[in-house]
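For reference, the chains in residue letters:
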Protein chains: 2
Amino acid sequence: MLRTGFQVAVILGHHGALPGLTHLLPRFNPASAFGSSMETLVSRFCREMTESKNYALPNASWGPDMLSLYHEFLEKTKTEGWVRLPSFRSNRDHIQGFHLPLMSSANSGKSDWRLFTRCIEREGQGYEYVIFFQPSEKKSICLFQPGPYLEGAPGFAHGGSLAALIDETFSKTAYLSGEGLLTVNFNIRFKNLIPLGSLAVLNVSVEKIEDQKVYLSCVTQSRDQQTVYAKASGTFLQMQLEEDSSQH
Amino acid sequence: MLRTGFQVAVILGHHGALPGLTHLLPRFNPASAFGSSMETLVSRFCREMTESKNYALPNASWGPDMLSLYHEFLEKTKTEGWVRLPSFRSNRDHIQGFHLPLMSSANSGKSDWRLFTRCIEREGQGYEYVIFFQPSEKKSICLFQPGPYLEGAPGFAHGGSLAALIDETFSKTAYLSGEGLLTVNFNIRFKNLIPLGSLAVLNVSVEKIEDQKVYLSCVTQSRDQQTVYAKASGTFLQMQLEEDSSQH
């Protein structure tokens, strides 16, 4: 049942860096596709769901740095157009009623699916993070406090845990800014190690949207901006979600 | 107490892509440093520890593909010089009695530290993987079966979960091949999505060791090699562990 799911994947696989991908996806007419307004995307993505836990809210494990910067940005949601993104257990919760084209069958089956960056339930032990999105400037801030389950070198966050969270913040920003859905490539240069339990701030920007791809960059640094932890870039393929007729 | 820990980090931070880093680390004389034999490194890293759980052993969640390839490589440990790497809860367990230079203070404190790629305890739900290392060819194979807690797109492994495991396999391979310890940069190009529950095989090679850096590449593919999931490269900084006098 995953066969159709792989048609998109096979297209990606056969074309490496994806030159000329556009003509391989004839159903996407650049003149009409990616026409969902950012307002529509944000409202779809940030839907109120009382039945799903929102992991992007403060808990007792958040340190003073994380908390105070959270409240600073929460204030900006009232005055400067920033949007606090909710964070549910799975992307399935965010896109209820929709699915990736050609991938509907991959949704089937029953399991305790979890978004990778929300895989650790215990507060403060794994990923603590919240993303704020600025629609008019197509940028995001992610506040990240890595817990002891994310260790690499003793006492510091694993490089892979930061890479994964940047990829995740990229993906939300790419989707809301221009329906960027699948990571095509990702690069990261590490500058300093992040001490576990401290706050790292991910500053994500959309650099350009071109040829059905969304290009992003990220600088991760300490709150006082005196220490750069990493610089990253990534490219996402644009793709419109389809309404999931099986759920209607 | 983390101040000294950051001296290494600050050096990294101020020099971006690390040109000319050698002269900034005068304590490492290329003529004498990195002289630990691979045998020493492997025996230090793979120390028998009856008190620590080894996560790189089969469990009931491993599918037939993962199991049969595991036994194939286990056979090669007897006949072709491959080494099955044990995998403990934290890197602290692997390097007992040693620490990263200038970072000893980061070891202090009590917490339930876990290596990021072993952060999920429940069998089959998160990372299931085992790494086999081939010393004479400086290469590794990592068998990876992603569980439902590693989800990105519905039904598929999060790109960040694969990136993190490649980084982890790079780091073990870089250390055993030439004392590569800290990730400097990491690049990944995604070709196909990995279905959750299936087997992906990471083929890691050391490309060269030069200027105190270990350069690695990785091709991740299906067992039959018909589907390439991702191609990646990474660079690690060489650094010798120091004996931890506080533990003696």
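Residues numbered from 1 in each chain as written. Chains lettered and ligands numbered in written order. Predicted model: local features only at pLDDT ≥ 70, side-chain atom pairs only at ≥ 80, totals over all residues. Heavy atoms only, no water.

Draft legend 1. Seen up close, the overall build of chain A. In terms of helices and strands, chain A carries 5 helices and 9 strands. In chain A, the succession of α and β elements from N to C terminus is α-α-α-β-α-β-β-β-α-β-β-β-β-β. When the 248 residues of chain A are sorted by exposure, 59% land in the buried category. At a minimum sequence separation of 6, the contacts of chain A that also span at least 24 residues come to 71%. On chain A, roughly 10,100 Å² of surface is accessible, and the fraction owed to carbon and sulfur atoms is 50%. (Helix = DSSP H or I, 4+ residues; strand = E, 2+ residues; numbered from the N terminus. Buried < 20%, exposed > 50% of the residue type's maximum accessible area, 1.4 Å probe, protein only. Contact = heavy atoms within 4.5 Å. Areas by Shrake-Rupley, 256 points an atom, 1.4 Å probe, with all protein chains shown as cover.)

Draft legend 2. Region of interest: the packing of aromatic side chains. For the structure on display, the rule yields 20 aromatic pairs over all chains. Plain terms: the ring middles of tyrosine 70 of chain A and phenylalanine 132 of chain A are 5.8 Å apart, the flat faces sit at 55° to each other, and that makes the pair tilted. Taken together, the residues tyrosine 70 of chain A in helix α3 (residues 64–79) and phenylalanine 132 of chain A in strand β3 (residues 127–134) connect sequence positions 62 residues apart. Phenylalanine 132 of chain A matches tyrosine 70 of chain A in its accessibility class, with the two residues each being buried. Between phenylalanine 116 of chain A and tyrosine 127 of chain B, the ring centres sit 5.8 Å apart and the planes meet at 85°, which makes this aromatic pair edge-to-face. Of this pair, phenylalanine 116 of chain A sits in the loop between β2 (98–99) and β3 while tyrosine 127 of chain B sits in strand β3 (residues 127–134), placing the two residues on different chains. Assessed through its relative accessible area of 0%, phenylalanine 116 of chain A is described here as buried. (Phe/Tyr/Trp six-rings, centres within 6.5 Å; stacked < 30°, edge-to-face > 60°.)

Draft legend 3. Quick look at α3 of chain A. Residues and elements named next belong to chain A. Here α3 is 16 residues long and its end C-alpha atoms lie 23 Å apart, about the 22 Å a rise of 1.5 Å per residue gives. Residues of α3 that are buried sit in contact with β1 (83–84), β3, β4 (139–146) and β6 (200–210). Note on α3: the residue one or two positions beyond its end, glycine 81, has a positive phi of about 80°. (Expected span 1.5 Å × (residues − 1).)

Draft legend 4. The interface of chain A and chain B, seen in detail. Listed as interface residues are 57 residues of chain A and, on the opposing side, 57 residues of chain B. Between chain A and chain B the total buried area reaches about 4,600 Å² when both faces are included, carbon and sulfur atoms providing 64% of it. Among the residues chain A hides against chain B, the three largest losses belong to Phe116, Tyr149 and Pro154 of chain A. Together they make up 15% of the total. Taken together, the connections running from chain A to chain B amount to 2 salt bridges. (Buried area = accessible area lost by both parts, 1.4 Å probe. Salt bridge = Lys/Arg side-chain N within 4 Å of Asp/Glu carboxyl O.)

Draft legend 5. The relation of the copies chain A and chain B, seen in detail. Here chain A sits on chain B after a turn of 180° about the axis and a move of 0.0 Å along it, with an RMSD of 0.0 Å. Accordingly, the operation relating the two chain copies is best matched by a two-fold axis. For chain A, the minimum C-alpha distance to the rotation axis belongs to asparagine 187 of chain A and amounts to 2.2 Å. Most of the interface of chain A is mirrored in chain B, where 100% of its interface residues are also at the interface. (Least-squares fit on C-alpha atoms with pLDDT ≥ 70 in both.)

Draft legend 6. Layout of the pairing of β3 of chain A. All names here are of chain A. Buried residues dominate β3, accounting for 8 of its 8 residues. Side chains of β3 alternate between two faces, with Tyr127, Tyr129, Ile131 and Phe133 and Glu128, Val130, Phe132 and Gln134 buried alike. As paired elements, β1 and β3 share 2 bridges and run antiparallel to each other. Among the inter-strand pairings, arginine 84 is bridged to a residue of β3, identified as phenylalanine 132. Relative to β4, β3 runs antiparallel, the two being bridged by 8 bridges. Across the sheet, the residue bridging to phenylalanine 132 is isoleucine 141, located in β4. (Pairing = 2+ DSSP bridges.)

Draft legend 7. Seen up close, the environment of tyrosine 175 of chain B. Residues and elements named next belong to chain B. When you line up the elements, tyrosine 175 lands in helix α5 (residues 159–178). Each C-alpha atom, one on tyrosine 175 and one on valine 42, is 9.1 Å from the other, the two residues being 133 residues apart in sequence. The residues contacting tyrosine 175, other than those within four sequence positions of it, are Leu41, Arg44, Phe45, Gly180, Leu181 and Leu241.

Draft legend 8. Structural view of the UniProt feature "domain: Thioesterase" (unreviewed entry) in chain A. Per the UniProt record, the feature "domain: Thioesterase" (unreviewed entry) sits at residues 155–225 of chain A. Helix makes up 28% of residues 155–225 of chain A and strand 44%, and the two end C-alpha atoms of the span are 21 Å apart. (UniProt positions renumbered as here; feature names shortened; annotations may be inferred.)

Draft legend 9. A look at helix α5 (residues 159–178) of chain A. All names here are of chain A. For α5, built from 20 residues, the straight-helix expectation of 28 Å at 1.5 Å per residue is met to within 8% by its first-to-last C-alpha distance of 28 Å. When you tally the buried positions in α5, you get 20 out of 20 residues, the bulk of the element. After α5 finishes, the residue glutamate 179 shows a positive phi value of roughly 60°.

Draft legend 10. Layout of the side chain of glutamate 179 of chain B. Residues and elements named next belong to chain B. Here glutamate 179 shows up in the loop between α5 and β5 (180–190). By relative accessible area, glutamate 179 is classed as buried at 1%. Side-chain polar atoms of glutamate 179 contact the side chain of glutamine 240, separated by 3.4 Å. (Polar contact = N/O pair within 3.5 Å; in protein donor to acceptor, adjacent residues only side chain to side chain.)

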